[in-house]
Amino acid sequence: MVSTAPRSANEDPDAEGTVHLTVAQAALRFLENQYVERDGVRNRFFAGCLGIFGHGNVAGVGQALLQAEIDAAEAGTIPELPYVPGRNEQAMVHTAVAYARQKNRLQTWVVSSSVGPGSTNMLTGAALATINRLPVLLLPADTFATRASAPVLQELELPSSGDVTVNDAFKPLSRYFDRVWRPEQLSAALLGAMRVLTDPAETGAATVAIPQDVQAHAFDWPRSLFAPRTWHVARPLPERSVLTRVADIIRSAQNPLIIAGGGVIYSGATDALAAFVEQTGVAVGLTQAGKGSLASDHPQSLGAIGSTGTTAANTLAADADVVIGIGTRYSDFTTASRTAFAHPNVQFVNINVASLDSVKQGGVSVIADAREALEALGPLLGDYCVSQEYRTRTRELVSRWEAKVESVYRITDDTRQVNQSQVVGLANTLSDPRDVVVGAAGSLPGDLHKLWRTRDAKGYHVEYGFSCMGYEIAGGVGVKMACPDRDVFVMVGDGSYLMMANELVTAVQENLKLIVILVQNHGFASIGSLSESVGSQRFGTEYRRRGGSGRLDGEVLPVDLAANAASLGVDVIRVKTAAEFADAVKVAKAGETTTVIHVETDPRSPGPDSESWWDVPVSSTSTLDSTRTAYETYAQWKKIQRPFLRPSGN
């Protein structure tokens, strides 16, 4: 008989001896006793477990979660790992990742799935977590270790290998992967996962696949496995000799520029960054993940940089002779596909906990925590400061951009249909300083990056490492779980909404309040614009019926997304004008439940131009005039693209 070994309030995990548990029960008991500590502040690492049950995890992880919930109820407490059922496995990973980002990577969730499609649904989420360097623990169920019933339902069979399952697809998408074939392997697998999850330089998706028969198998575990374990989240210190070299490079700069990435926020280095730029006068461009590192109204803030950047940041980037990247991985949107930095002798200094990012652009590598590096670098610069001419130019460029933002925000008639830029402006103006805006894919991230005025370091949450459609609502759920005292504005286009609206049900289930702004433009607005720019005439990007010509050029599809949202149990407000939108936001903020504000906009009314570029190859031969013209433009940009291979600081 298998013993469930219920928890005892008097149980001493450090005591000698063993405890009889299934592998799933042991795994969850181990996970609920994992803590992290940074700067003397300690907290439990896993907030709970998100899951969808099916064959593979219902009798293992599912039973263990049920047992824990009953044990807690009988003890008059709540489970250490509360269970939250989701609606889609990919979405559950997004929720966990959003939570981890909001918590500066110091806390996350476990995500459990069933065999087969339940597991493979998590692959997109795993890639997103790893690309964005955000921790999440995935427990995909696997087929039988014994193969006693092979092939089981949903099992992949390969004629060339008997031990491959669909979960092998997680290997290139995870920062850590292991499969527990026997109970004795569990402790090493979980310790390995924790090592990666709590390492700022290595973190991402950690995947531990456990076959369904192994999950239910009982074993005598050493009690010491379940002792509370605290993982120290390190702040790597910069080497003095490297900082001295970096200080010399910065002191030589006439037109320096800082690029602040997500590492600034995750490090808690926002105050250190503000102090550094106030000392030196160096202006700051912000990546998508780094937006919030410096408040939008700070004198040294240029706003967004790169392909979706401001003209202020991109103008200074073009002239920068020293670029100081802090906590950025230099994505192609940040560098405008390596066309943003035009100075012939530009040098790069890269401060990052990850060596992978610290060597990019041929830069001088400073492998260090952002806060520690900034605080150590300031004194080494002595009285170095940018010129008055530099400061004046910065103010003028920012002032011109702000005037442009005001012009696109301006509403001269609040009874007319609004465009997307105006929707962003209204939401920004009507939100409170600590409210959080969430976005992910389509044209909204570009407009948010350029136009949203951040007032709080954690007030901007746009997933743009993977730019994953469907992230928005699931991510909003995670953000709200992480900070229940803030209002969360989820901005999502109709294309992305249709891919994964289902987590509205999870918000209702968990009594979470989201303010979802659903922008209906009847198609893929961002890809439509991109299609037009590469000469493809917005082909296949509008939601239309197939017409008599056989093409998708008929009438607009009669899709009612507001009715769809209402059917999922949330409040819905339909608006068309600025006045109606403002009233709807006020109602939503005053309410206590999730509200979807459905607003129609014109997809052909773009936001202000960043005067920058993104490298998307154009067909080099075509009979279409639009494609030939686009290729000529593309060829001109390619001429100024640079490899940045020359070592900096030589």
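None of these values were measured; they are calculated from a predicted model. (Residues numbered from 1 in each chain as written. Predicted model: local features only at pLDDT ≥ 70, side-chain atom pairs only at ≥ 80, totals over all residues. Heavy atoms only, no water.)

What follows concerns the overall build of the protein. In terms of regular secondary structure, the protein is built from 23 helices and 23 strands. Relative to the 2.2 N^0.38 estimate, which gives 26 Å for 650 residues, the radius of gyration of the protein is 26 Å and therefore close to what a compact globule would have. Its C-alpha atoms give the protein principal-axis dimensions of roughly 80 × 70 × 55 Å. Burial status across the protein gives 57% buried among its 650 residues. Counting only carbon and sulfur atoms, one obtains 52% of the accessible surface of the protein, whose full area is about 25,900 Å². Computed over 57 positive and 69 negative side-chain charges, the separation of the two mean positions in the protein equals 5 Å. (Helix = DSSP H or I, 4+ residues; strand = E, 2+ residues; numbered from the N terminus. Rg over C-alpha atoms; globule rule 2.2 N^0.38 Å. Buried < 20%, exposed > 50% of the residue type's maximum accessible area, 1.4 Å probe, protein only. Areas by Shrake-Rupley, 256 points an atom, 1.4 Å probe, with all protein chains shown as cover. Lys, Arg positive; Asp, Glu negative; His and termini not counted. Charge placed at Lys NZ, Arg CZ, Asp CG, Glu CD.)

Relative to the helices and strands, Arg105 is located in the loop between α3 (89-102) and β6 (108-113). Here Arg105 falls in the buried class, since its relative accessible area comes to 15%. C-alpha separation for the pair Arg105 and Pro200, spaced 95 residues apart in sequence, amounts to 7.9 Å. Beyond its immediate sequence surroundings of up to four residues, Arg105 is in contact with Phe45, Ala100, Arg133, Leu134, Pro135, Pro200, Thr203 and Tyr266. Looking at Arg105, its side chain comes within polar contact range of the main-chain oxygen of Arg133, at 3.1 Å. (Contact = heavy atoms within 4.5 Å. Polar contact = N/O pair within 3.5 Å; in protein donor to acceptor, adjacent residues only side chain to side chain.)

A word on the packing of aromatic side chains. With the rule as written, the count across this model stands at 13 aromatic pairs. For the ring pair Phe341 and Phe348, a centre distance of 5.5 Å and an interplane angle of 85° mean the geometry is edge-to-face. Summarising the burial analysis for this pair, Phe341 and Phe348 share the class buried. Of the aromatic side chains, those joined through ring pairs into one cluster are Tyr330, Phe341, Phe348 and Phe644. (Phe/Tyr/Trp six-rings, centres within 6.5 Å; stacked < 30°, edge-to-face > 60°.)

The strand order β19-β18-β20-β21-β23-β22 describes an open sheet built from 6 strands, whose pairing is parallel. This sheet does not close on itself; its edge strands, each paired only once, are β19 (460-462) and β22 (571-575). Strand after strand, the sheet turns through a mean of 20° between neighbouring axes, direction not considered. Here strand β18 (residues 436-439) pairs with β19 via 3 bridges, running parallel. Note on β19: the bridge partner recorded for Val437 is Tyr460. Across the sheet, helix α22 (residues 578-590) is in contact with β20 (488-493), β21 (515-520), β22 and β23 (595-600); its angle to β23 comes to roughly 170°. (Pairing = 2+ DSSP bridges. Axes fitted to C-alpha atoms, helices over the stretch in contact; angles between N-to-C directions.)

What the 3 strands build is an open sheet, ordered β3-β2-β11; its pairing is mixed. Each edge of the open sheet is held by one strand with a lone partner, namely β3 (41-44) and β11 (229-232). Within the sheet, the average angular offset between the axes of one strand and its neighbour, ignoring direction, is 30°.

The next subject is the pattern of salt bridges. Close approach of charged atoms allows side chains of opposite charge to pair. For the structure on display, the rule yields 27 salt bridges. One salt bridge connects Asp357 with Arg133, and the closest N-O pair in it is separated by 2.6 Å. Of this pair, Asp357 sits in helix α12 (residues 355-358) while Arg133 sits in the loop between α5 (123-131) and β7 (136-142), and the two are 224 residues apart along the sequence. With respect to burial, Asp357 and Arg133 carry one shared label: buried. The salt bridge partner of Asp432 is Lys589, with a shortest N-O separation of 3.2 Å. Of this pair, Asp432 sits in the loop between α15 (420-430) and β18 while Lys589 sits in helix α22; the two residues are 157 residues apart in sequence, bridging distant segments of the chain. When its relative accessible area of 39% is taken as the criterion, Asp432 is described as partly exposed. The network of salt bridges with shared partners includes Asp39, Arg235, Asp369, Arg371 and Glu372. (Salt bridge = Lys/Arg side-chain N within 4 Å of Asp/Glu carboxyl O.)

Our focus in this paragraph is helix α17 (residues 471-482). Taking 1.5 Å of rise per residue, the 12 residues of α17 would be expected to cover 16 Å, and the 16 Å separating its terminal C-alpha atoms lies within 8% of that figure. In terms of burial, α17 is a largely internal element, 12 of the 12 residues being buried. Those residues of α17 that sit buried are Tyr471, Glu472, Ile473, Ala474, Gly475, Gly476, Val477, Gly478, Val479, Lys480, Met481 and Ala482. (Expected span 1.5 Å × (residues − 1).)

Side chains that are three or four residues apart share a direction in an α-helix, a result of its 3.6 residues per turn. With 12 residues, helix α8 (residues 240-251) extends 16 Å between its outermost C-alpha atoms, agreeing within 8% with the 16 Å of an ideal straight helix rising 1.5 Å per residue. When α8 is considered as a whole, its buried residues turn out to be Leu243, Val246, Ala247, Ile249 and Ile250. The arc enclosing the buried residues of α8, seen along the axis, measures out at 160°, which places them on a common side. Among the structural elements, β15 (322-326), β16 (347-352), β17 (364-367) and α13 (370-380) are those in contact with the buried residues of α8. (Arc of directions from axis to C-beta.)

Relative to the assigned elements, Tyr99 resides in helix α3. Tyr99 gets classed as buried once you look at its relative accessible area, which sits at 6%. Separated by 384 residues in the primary sequence, Tyr99 and Cys483 have C-alpha atoms spaced 8.6 Å apart. In this view, Tyr99 contacts Ala47, Gln107, Thr108, Trp109, Gly478, Met481 and Ala482; residues no more than four positions away in its chain are not counted.

Let us look at the nonpolar core. Counting 87 residues, the largest nonpolar core has Ile258, Leu273, Ile326, Phe341, Met491, Ile517 and Phe581 as the members making the most contacts within it. Here Ile326 is in contact with Ile258, Ile259, Ala260, Gly261, Val264, Leu273, Ile351, Ala370 and Leu374, once residues within four sequence places are set aside. One finds Trp109, Leu128, Val436 and Tyr471 within the second-largest nonpolar core, a separate group that totals 50 residues. (Core = buried A, V, L, I, M, F, W, Y, C linked by side-chain atoms within 4.5 Å.)

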